[in-house]
Amino acid sequence: LYMLNQAAANFMKDGLLTDDEQQKIDDYMRTLGLSLTNLPAKYQGSEISRIEQSKMLKQLQRGILPQSNIQAPILLGKDEVVLWCYDGVTMWQEKVKREMVGSHSGFSFRVMKGVTYRTGGFKGHPVEHSYMDQARIGSLYITNKHIIFHSSERSTKIPYKKIIGLNPYQDGMGVQQDGANAKKLIFQGFDCSFVMNVMSFIEV
């Protein structure tokens, strides 16, 4: 894996992986029985990961559905395959807090010791404040049809065709789904460039 990582860094200097370079990597992996989709933690996010992701993106661009040995913990749809998995991802979910604000009209006067009477009434209006709440930490699975977040407490499946906004961040991404009551989700703890490229190549 160390030698493969060094070769990957050299091959990916120009940001592209040629068919000849890919063949050399495939031969090396086949000979040693290596898998690039289930790497040790030390090599997750390394140049090796970029090579396998580049290979998958090239296949998607050519209309070929990539195959991997990653098993998702939830039931997948017909012709759906897991392309990649990011572990240790934090999901943040938008929540809305509602409160009444306003003021009292009229005036108040003292009736007796410790008792005050106020005339008029309270005039207020509801105000909403949105904030991002840390929901949980789990694994993010990227398939050819969904973004799937799975943790011990809950699983969330987001169809690509329901996504109307995708905001890339340095260490994650924000997802906005279609729907009047859909709340924004933020996934933190990975490089989202692969996900962005997957969505640009697949047919939603």
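Numbers given for residues are sequential positions, taken from 1 along each chain in its written order. Residues qualify for local features only when their pLDDT is at least 70, as the model is predicted, and side-chain atom pairs are given and counted only at 80 or more; totals for whole chains, interfaces and linings, by contrast, use all residues. Each side-chain value is derived from all of the structure's non-hydrogen atoms; neither hydrogens nor water enter the calculation.

Engineer: Could you clarify how one ought to interpret helix α3 (residues 47–61) in this entry?
Structural biologist: Because each turn of an α-helix spans 3.6 residues, side chains separated by three or four positions in sequence point in the same direction. Secondary structure is summarised from DSSP: a helix means a run of H or I of at least four residues, a strand means a run of E of at least two, and numbering begins at the N terminus for each. Between the first and last residue of a helix there are one fewer steps than residues, each counted as 1.5 Å, and that sum is the expected span. An ideal rise of 1.5 Å per residue puts 21 Å on 15 residues; α3 measures up with 21 Å between its terminal C-alpha atoms. Residue burial is assigned from relative accessible area. The probe radius is 1.4 Å, only protein chains are included, and a residue is buried under 20% of its type maximum, exposed over 50%, and partly exposed in between. Among the residues making up α3, those that are buried are Ile48, Ser49, Ile51, Glu52, Gln53, Ser54, Met56, Leu57, Lys58 and Leu60. Two residues or fewer after α3 comes Gly63, characterised by a positive phi angle close to 80°.

Engineer: Before we go on, may I ask you to explain the pattern of salt bridges in this structure?
Structural biologist: Close approach of charged atoms lets side chains of opposite charge pair. Any carboxyl oxygen of Asp or Glu within 4 Å of a side-chain nitrogen of Lys or Arg constitutes a salt bridge here. All chains considered together, the criterion is met by six salt bridges. Here Asp19 makes a salt bridge to Arg62, at a shortest N to O gap of 3.4 Å. Highlighted residues: Asp19 in helix α2 (residues 19–32) and Arg62 in the loop between α3 and β1 (82–104), separated in sequence by 43 residues. According to the relative accessible area criterion, Asp19 is partly exposed, its value standing at 47%. Here Arg50 makes a salt bridge to Glu47, at a shortest N to O gap of 2.9 Å. Of this pair, Arg50 and Glu47 both sit in helix α3, three residues apart, roughly one helical turn. By relative accessible area, Arg50 is classed as partly exposed at 34%. Under the relative-accessibility criterion, Glu47 is labelled partly exposed at 22%. Each of Asp19, Lys58 and Arg62 takes part in a single network of salt bridges with overlapping partners.

Engineer: How do you make sense of the side chain of Ser139 when you look at a structure like this?
Structural biologist: Checked against the element boundaries, Ser139 lands in strand β4 (residues 122–143). Here the side chain of Ser139 touches Asp87 through a polar contact of 2.8 Å, side chain to side chain. Note on definitions: a residue-residue contact is assigned when non-hydrogen atoms from the two residues lie within 4.5 Å. Apart from the residues within four sequence positions on either side, Ser139 is in contact with Cys85, Tyr86, Asp87, Ile148, Phe149 and His150. The definition of a polar contact used here is a pair of N or O atoms within 3.5 Å, where within protein one atom must be able to donate a hydrogen and the other to accept one, and adjacent residues in sequence count solely through side-chain atom pairs.

Engineer: Got a minute to help me understand a positive patch on the surface in this structure?
Structural biologist: Taken together, the side chains of Lys78, Lys145, Lys161 and Lys162 define a basic patch exposed on the protein surface. Within the secondary structure, Lys145 sits in the loop between β4 and β5 (146–150). What makes a patch is a set of residues exposed beyond 30% relative accessible area and free of salt bridges, joined within 9 Å when like-charged and within 5 Å when nonpolar (Val, Leu, Ile, Met, Phe, Trp, Tyr). Areas reported as accessible are Shrake-Rupley estimates using a 1.4 Å probe. Residue values count occlusion only from the protein chains shown. Here the positive residues are Lys and Arg and the negative ones are Asp and Glu; neither His nor the chain ends is included. Each charge is placed at NZ for Lys, CZ for Arg, CG for Asp and CD for Glu.

Engineer: Would you mind going over a nonpolar patch on the surface with me for this structure?
Structural biologist: Together, Tyr2, Met3, Tyr28 and Leu32 make up an exposed nonpolar region whose accessible area comes to about 450 Å². Looking at where Leu32 falls in the secondary structure, it is placed in helix α2.

Engineer: Is there a simple way to think about the side chain of Asn5 in this case?
Structural biologist: When you line up the elements, Asn5 lands in helix α1 (residues 2–11). One polar contact links the side chain of Asn5 to the main-chain amide nitrogen of Glu47, over a distance of 3.2 Å. If sequence neighbours within four positions are ignored, Asn5 has contacts with Tyr43, Ser46, Glu47 and Ile48.

Engineer: Explanation requested: α1 in the structure shown.
Structural biologist: Residues of α1 that are buried include every one of Leu4, Asn5, Ala8 and Phe11, and no others. The buried residues of α1 occupy an angular sector of 125° when projected down its axis, which confines them to one face. In α1, those exposed residues whose orientation departs by more than 90 degrees from the buried face are Tyr2 and Met3. Summarising the contacts, the buried residues of α1 are in contact with α2 and α3. By definition, the arc is the one covered by directions from the helix axis to the C-beta atoms.

Engineer: Looking at this structure, how should I read the pairing of strand β7 (residues 163–169)?
Structural biologist: Here is the key point about a regular strand: its side chains alternate between the two faces of the sheet. Between any two strands, at least two bridges found by DSSP are needed for them to pair. Bridging between β7 and strand β8 (residues 172–177) involves six bridges; their strand directions are antiparallel. By the bridge assignment for β8, Asn167 is matched with Gly174. Linkage of β7 to β8, two consecutive antiparallel strands, is achieved through a turn of two residues.

Engineer: Hey, could you run me through the confidence of the model for the protein in this one?
Structural biologist: As a note on interpretation, predicted positions should not be read in detail where pLDDT is low. Model confidence for the protein is summarised by a mean pLDDT of 81, while 78% of its residues fall at 70 or above. Mean pLDDT in the protein bottoms out at strand β2 (residues 108–112), which sits at 62, and peaks at β5, which reaches 94. Confidence scores per residue from the predictor, reported as pLDDT, run from 0 to 100.

Engineer: Is there a simple way to explain the packing of aromatic side chains in this structure?
Structural biologist: Describing an aromatic ring pair means giving the distance of the ring centres and the angle of the ring planes. Aromatic pairing here means that ring centres of Phe, Tyr or Trp (its six-membered ring) are within 6.5 Å. Orientation follows from the plane angle: under 30 degrees is stacked, over 60 is edge-to-face, and everything else is tilted. By the definition in use, this model includes three aromatic pairs. An angle of 35° between the planes, with centres 5.8 Å apart, marks the rings of Phe149 and Phe187 as tilted. In this pair, Phe149 is assigned in strand β5 and Phe187 in strand β9 (residues 185–188), connecting sequence segments 38 residues apart. A relative accessible area of 0% places Phe187 in the buried class.

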